[in-house]
Amino acid sequence: MVNKQDDQLAISLQELQVEDLPAGEVLIRVHYSGVNYKDALACRLDGGIVRSYPHIPGIDLAGEVCTSADARFHPGQKVIVTGFGLGVSHFGGFSAMARVPADWVVPLPAGLEPREAMAIGTAGLTAAISIERMEHNGLHPAQGPVLVTGATGGVGSVAVALLAARGYEVAASTGKAEEHDYLRALGARDIVGRLSAAAAGAVVPAKPLEKQQWAGAVDPVGGSGLAFLLASIRYGGSVAVSGLTGGGTVPTTVHPFILRGVNLLGIDSVQYPIERRSALWERMAAELKSDGQLERIGSRTIRLQDVPHAAEEILAGRVRGRIVVEL
């Protein structure tokens, strides 16, 4: 639980009663959660995430239904909750019990375990939405290589694995030389450096248009690297942007859009329609279960008391893949 006290943020383990949980039709015994970038920000006073205090962070969870006032769910059923207000305006997944609106709940796909679901988590759902949107805009494997930026992070790791499973030639962008083997194990064929280095210090890209390199890109980083990326996408290609760890300002020009027909797709998993996210969870379960991919991506498991340290690691860029929290 995070609480604001005299302009200081206190983080502690607290014991609550079920009656202390916010309203909702479905009461869930949480088995696993995950630590996301947004959760890390929730552990900072200046993070800009938490709406009111005291608060329980955790923007995703997987567990078992205890009670449900909604006929779609029954006691003992395994379920997933991500996004909507979870962990932001509503008590989140860093809790042994959670009570949420039924419209936020997704049945756990057959064959997928709760821990595996949190190895995917919000980050994985964001990656899947990114690929779905690009494919809706015409992307297919025959068009050429697809770049994933921030490739060792949660979104990036799942994006590399999903694209490789679908037959794409994947290029992974990272500044961590020690993680090349990890990325190749996920399915990356090529490794490139950080795009922010290519555009370092630029107010706008060095050239409005760079050499056409990639048919599409999954970008959870943003910032100056996104500007370089837009200038380097092949004609008619798409960039799906979902994050701003590289900064919120993109020093680009209109040239990629009006001369090459490049699509810049904004990706938000928070309010993504529940019926479409259910279908994506089913597809991710089918595509990521093979070859030990979920074990690679979610290889690290922690307990609740370890969350503050994990949050610091995420903000410092020292995390590979997903950190799973066991409740």
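Since we're looking at a predicted model, the values are computed, not measured. (Residues numbered from 1 in each chain as written. Predicted model: local features only at pLDDT ≥ 70, side-chain atom pairs only at ≥ 80, totals over all residues. Heavy atoms only, no water.)

K.L.:
Give a detailed account of the pairing of strand β11 (residues 214–219), specifying residues and quantitative values.
P.N.:
Across the six residues of β11, six count as buried, placing the element largely inside the fold. Where strand β8 (residues 146–148) lies against β11, three bridges are found, and the strand directions are parallel. Following the sheet pairing, V148 is matched in β11 by V218. As paired strands, β11 and strand β12 (residues 233–241) are joined by five bridges and run parallel to one another. For A217, the partnering residue across the bridge sits in β12 and is V239. A crossover connection joins β11 to the parallel β12 through helix α6 (residues 223–230); in handedness this β-α-β unit is right-handed. (Buried < 20%, exposed > 50% of the residue type's maximum accessible area, 1.4 Å probe, protein only. Helix = DSSP H or I, 4+ residues; strand = E, 2+ residues; numbered from the N terminus. Pairing = 2+ DSSP bridges. Right-handed = clockwise from strand over helix to strand, strands pointing away.)

K.L.:
Please provide a residue-by-residue account of the packing of helix α2 (residues 114–136) against helix α8 (residues 274–288), values included.
P.N.:
Relative orientation of the contacting elements α2 and α8 amounts to 105 degrees, with a least axis distance of 9 Å. As the angle between them shows, α2 and α8 are arranged roughly perpendicular. On α8, the residues that touch A117, I120, G121, G124, L125, A128, I129, E132 and E135 of α2 are R276, R277, L280, W281, R283, M284 and L288. When its residues are assigned to classes, the contact of α2 with α8 shows nine nonpolar, two polar and five charged. (Axes fitted to C-alpha atoms, helices over the stretch in contact; angles between N-to-C directions. Parallel < 35°, antiparallel > 145°, perpendicular 65-115°, else oblique. Contact = heavy atoms within 4.5 Å. Nonpolar A, V, L, I, M, F, W, Y, C, P; charged D, E, K, R; others polar.)

K.L.:
Which residues make up the packing of α2 against helix α3 (residues 154–165), and what values do they have?
P.N.:
The relative placement of two packed helices comes down to the angle between their axes together with the axis-to-axis distance. Viewed as axis vectors pointing N to C, α2 and α3 meet at an angle of 50 degrees, and their least axial separation amounts to 8 Å. By the angle class used here, α2 and α3 are oblique. Like other packed secondary-structure pairs, α2 and α3 cross with a definite hand, here right-handed. Contacts between α2 and α3 involve I120, A123, G124, T126, A127, A128 and I131 from the first element and G154, V155, V158, A159, L162 and L163 from the second. Considered class by class, the residues forming the contact of α2 with α3 number ten nonpolar, three polar and no charged. (Left-handed = near helix turned anticlockwise from the far one by under 90°.)

K.L.:
Can you explain the environment of S52? Please cite residues and give values.
P.N.:
As for its position among the elements, S52 is in the loop between α1 (37–42) and β4 (60–68). Take S52: its relative accessible area is 45%, and that puts it in the partly exposed class. Measuring from C-alpha to C-alpha, the distance between S52 and E64 comes to 27 Å, with twelve residues separating the pair along the chain.

K.L.:
I'd like to hear about the environment of D306, residue by residue, with values.
P.N.:
If you trace the backbone, D306 turns up in the loop between β14 (300–302) and α10 (307–315). Between the C-alpha atom of D306 and that of V100, which follows or precedes it by 206 residues, the distance is 25 Å.

K.L.:
Give a detailed account of α3, specifying residues and quantitative values.
P.N.:
For α3, with twelve residues, the first-to-last C-alpha span of 17 Å sits near the 16 Å given by 1.5 Å per residue. For α3, the complete set of buried residues consists of G154, V155, G156, S157, V158, A159, V160, A161, L162 and L163. Just beyond α3, the residue with positive phi is G167, at close to 90 degrees. (Expected span 1.5 Å × (residues − 1).)

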